[in-house]
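Each chain, written out:
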Amino acid sequence: MKPRMTARYAASLLPVVLLVLFFVALAPPAQAAEPGYNVFMPVILGSPDGSTGGATGQPALTEDQLELTAEESELLNLINAERASHGLGPVRMSNVLMQVARAHSQDMIDRDFFDHTNPDGWGPGDRLDNAGYNWMTYGENIGGGYTSAELMSNGWMNSSGHRAIMLTPEFTEIGIGYVAGGFYGHYWTALFATPR
């Protein structure tokens, strides 16, 4: 009878152990409190199966031509080079996605948070809906503290989830938002999507 009790006890602890490991994996390292430390968040993906819940009365953004900063242009080139090295087509810059990505990077600085979901509870799908972008699927990578596009690209490529976003074959468009400032000094948002 003792082995059965041990197995039952172990089985009852398994969900608790898995939950603790999940939160430990998501917790930022102790060094994250130091400015200049490089961080990025778990990946966010959206698809038609998941509701974003983002209905707003704000006007849609336009496709007016915007100029990329040197950092944004370099990151776009690095992402497309990685995609090409894996036999994938390039993602093209969408001005609407770029406006959304830049706004999110700036918002993280202005309101001192670092997450895919802003303090109002809006995630990437909500921001896309608010911008009037008719998406089929999307994925978002964010990073903080990386001082160059090359370092940011390498950071994402060395993370399986972020790498998967960068190398998702279905994505055809991207918006990159780089903003300097805030706690981490450098904020990056790469918003990938496939329009309907």
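Let me sum up the structure you'll find in this document.

Calculation rules
Residues numbered from 1 in each chain as written. Predicted model: local features only at pLDDT ≥ 70, side-chain atom pairs only at ≥ 80, totals over all residues. Heavy atoms only, no water. Helix = DSSP H or I, 4+ residues; strand = E, 2+ residues; numbered from the N terminus. Buried < 20%, exposed > 50% of the residue type's maximum accessible area, 1.4 Å probe, protein only. Contact = heavy atoms within 4.5 Å. Phe/Tyr/Trp six-rings, centres within 6.5 Å; stacked < 30°, edge-to-face > 60°. Pairing = 2+ DSSP bridges. Salt bridge = Lys/Arg side-chain N within 4 Å of Asp/Glu carboxyl O. Expected span 1.5 Å × (residues − 1). Axes fitted to C-alpha atoms, helices over the stretch in contact; angles between N-to-C directions. Left-handed = near helix turned anticlockwise from the far one by under 90°. Nonpolar A, V, L, I, M, F, W, Y, C, P; charged D, E, K, R; others polar.

Across its full length, the protein carries six helices and six strands. Tracing the protein from N to C terminus, the helices and strands come up as α-β-β-α-β-α-α-β-α-α-β-β. When the 196 residues of the protein are sorted by exposure, 40% land in the buried category. Put simply, 76% of the contacts in the protein that link residues at least 6 apart link residues at least 24 apart.

Considering the arrangement of structural elements, one finds D107 in helix α3 (residues 95–110). If near-sequence neighbours (up to four positions away) are discounted, D107 is found in contact with D112, F113 and N118.

What characterises a pair of aromatic rings is the spacing of the ring centres plus the angle enclosed by the ring planes. Overall, the coordinates contain seven aromatic pairs when judged by the stated rule. With a centroid separation of 4.3 Å and 45° between ring planes, the pair formed by Y178 and W188 is classed as tilted. Remark: W188 occurs in strand β6 (residues 185–195) and Y178 occurs in strand β5 (residues 173–181); sequence separation between them is 10 residues. In terms of burial, Y178 and W188 fall into one category: buried. Ring centres of F183 and Y184 lie 4.9 Å apart, and the angle between their planes is 85°; this geometry places the pair in the edge-to-face category. Owing to a relative accessible area of 34%, F183 belongs among the partly exposed residues under this scheme. For Y184, a relative accessible area of 13% translates into the label buried.

Attention now goes to the pairing of β6. Burial within β6 is extensive, with nine of its 11 residues counted as buried. Sheet topology places strand β4 (residues 135–144) next to β6; nine bridges connect them, and they run antiparallel. Bridge pairing links I142 to T189 in β6. Bridge count for β5 against β6 is nine bridges, and the pairing is antiparallel. Directly across from A180, in β6, lies its bridge partner H186.

As for its placement among the helices and strands, L76 is situated in helix α2 (residues 70–85). Assessed through its relative accessible area of 13%, L76 is described here as buried. Excluding residues that lie within four positions of it along the chain, L76 makes contacts with L68, V91, M93, I174 and I176.

So, on to the pattern of salt bridges. When their charged atoms lie close together, side chains carrying opposite charge are able to pair. Following the criterion strictly, the structure yields five salt bridges and no others. R111 serves as the salt-bridge partner of D107, at 2.8 Å between the closest nitrogen and oxygen. The class of D107 is buried, set by a relative accessible area of 16%. Ionic pairing is found between R111 and D120, a salt bridge with its closest N-O pair at 3.1 Å. A relative accessible area of 34% places R111 in the partly exposed class. Among the residues examined, D120 registers a relative accessible area of 53% and is labelled exposed.

Another aspect to go through is α2. It helps to recall that an α-helix has 3.6 residues per turn; residues three or four apart then point in one direction. When the terminal C-alpha atoms of α2 are compared, their 22 Å separation across 16 residues agrees well with the 22 Å that a helix rising 1.5 Å per residue should span. Against β3 (92–93), α3, α5 (149–157), α6 (160–166), β5 and β6 lie the buried residues of α2. Backbone geometry just downstream of α2 places G87 in the positive-phi region, at approximately 75°.

Let us now look at the packing of α2 against α5. At a minimum axis distance of 9 Å, the contact between α2 and α5 shows a crossing angle of 40°. The chirality of how α2 crosses α5 is right-handed. Two secondary-structure elements touch here, α2 through E71, E74, L75, L78 and E82 and α5 through A149, E150, S153, W156 and M157. Taken together, the residues of the contact of α2 with α5 break down into five nonpolar, one polar and four charged.

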